[in-house]
Amino acid sequence: MNLQTSCDFTRFNHDGQIMAFSSRREQDTLKLLHTPSGSVFSNWPTSKTPLGYVWSMDFSPKSKFMAIGNDQGKCLLYKLNHYNQNSGST
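The residue count restarts for each chain, going from 1 along the sequence in the order it is written. Only residues with pLDDT of at least 70 are given local features in this predicted model, and only at 80 or more are side-chain atom pairs given and counted; all residues enter the totals for whole chains, interfaces and linings. Heavy atoms throughout the structure, all of them, feed into the side-chain values; hydrogens and water do not.

### A closer look at the pattern of salt bridges
Here's step 1: Salt bridges, as used here, are contacts in which a Lys or Arg side-chain nitrogen is within 4 Å of a carboxyl oxygen on Asp or Glu. Under the defined criterion, the tally for this structure stands at one salt bridge.
Here's step 2: A salt bridge links D8 to R25; the nearest nitrogen and oxygen atoms lie 2.6 Å apart. One end of the pair, D8, is in the segment before β1 (9–12); the other, R25, is in the loop between β2 (18–22) and β3 (30–34), with 17 residues separating them in the sequence. A helix here means a DSSP run of H or I that spans at least four residues, while a strand means a run of E at least two residues long, and both kinds are numbered starting from the N terminus.

### Topic: the sheet that holds β2
Through backbone hydrogen bonds, the strands of a sheet pair up, either in parallel or in antiparallel fashion.
Here's step 1: What the four strands build is an open sheet, ordered β1-β2-β3-β4; its pairing is antiparallel. The open sheet terminates on both sides in strands that have one partner only, identified here as β1 and β4 (39–40).
Here's step 2: Between any two strands, pairing holds if DSSP finds at least two bridges. In terms of strand pairing, β2 meets β3 through five bridges, oriented antiparallel. What sits directly across from I18, in β3, is H34.

### Digging into the sheet that holds strand β6 (residues 65–70)
Here's step 1: Taken together, the three strands give an open sheet; going across it, the order is β5-β6-β7, and neighbouring strands pair in antiparallel fashion. Because the sheet does not close on itself, it has two edges, and the strands there are β5 (54–59) and β7 (75–79). The mean angle between the axes of side-by-side strands here comes to 20°, regardless of whether they run parallel or antiparallel.
Here's step 2: One ladder, built from five bridges, connects β5 with β6; its direction is antiparallel. The residue bridging V54 from the neighbouring strand is N70, located in β6. Axis definition: a line fit to C-alpha positions, over the contact stretch in the case of helices; interaxial angles, taken between N-to-C directions, run 0 to 180 degrees.

### Overview of the nonpolar core
Here's step 1: Residues enter a nonpolar core if they are buried and are Ala, Val, Leu, Ile, Met, Phe, Trp, Tyr or Cys, with the set joined through side-chain atoms within 4.5 Å. Type-normalised accessible area, obtained with a 1.4 Å probe on protein chains alone, sets the label of each residue: buried when under 20%, exposed when over 50%, and partly exposed for intermediate values. Ranked by size, the top nonpolar core spans 16 residues in total, and within it L30, L32, M66 and I68 carry the most contacts.
Here's step 2: The set of elements that each furnish at least two residues to this core consists of β2, β3, β5, β6 and β7.
Here's step 3: Residue contributions to this core peak at three residues, all from β5.
Here's step 4: L30 has contacts with F21, S22, W44, P45, L51, V54, M57, M66 and I68, leaving out every residue within four places of it along the chain. Whether two residues touch is decided by their heavy atoms; if any such pair falls within 4.5 Å, the residues are in contact.

### Observations regarding unusual backbone geometry
Here's step 1: Residue P45 follows W44 across a cis peptide bond; omega there is -10°.
Here's step 2: When you line up the elements, P45 lands in the loop between β4 and β5.
Here's step 3: One non-glycine residue, D28, lies in positive phi territory at about 60°.
Here's step 4: Within the secondary structure, D28 sits in the loop between β2 and β3.
Here's step 5: Here S63, not a glycine, exhibits a phi torsion of approximately 65°, which is positive.
Here's step 6: When you line up the elements, S63 lands in the loop between β5 and β6.

Structure representation (C-alpha cells):
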C-alpha cells in the first residue's frame with residue numbers, strides 16, 4: 001500500500017539508498033523507498049507496526065537503526081537488518 005495523503009517528512013539514510021517519508025495526517029503512515037530501484041518496501045512497516053502519528057524520524061549515522069518519534073512522546077527504535085549484516089564495509 002502506498003501513502004494516500006500528503007507527505008510531511010522526508011529523510012534519506014547515510015548513503016542515499018533509502019528515503020523515508022511520512023504524514024502526520026493519518027496514523028501509522030510511514031514508507032521506505034529504495035531509491036536506486038524506485039521501489040517502496042512492502043515488508044515494513046506493516047499494518048500492524050504501531051507507529052502512531054509520526055512527528056519525526058531519522059537514521060543513525062551508518063543506517064543500522066531508524067528512530068521514529070510519535071504523537072505519544074515515544075521514540076521508537078528499529079534495527080535495519082540490511083545495514084547490520086553489511087557492517088564490515090566502510
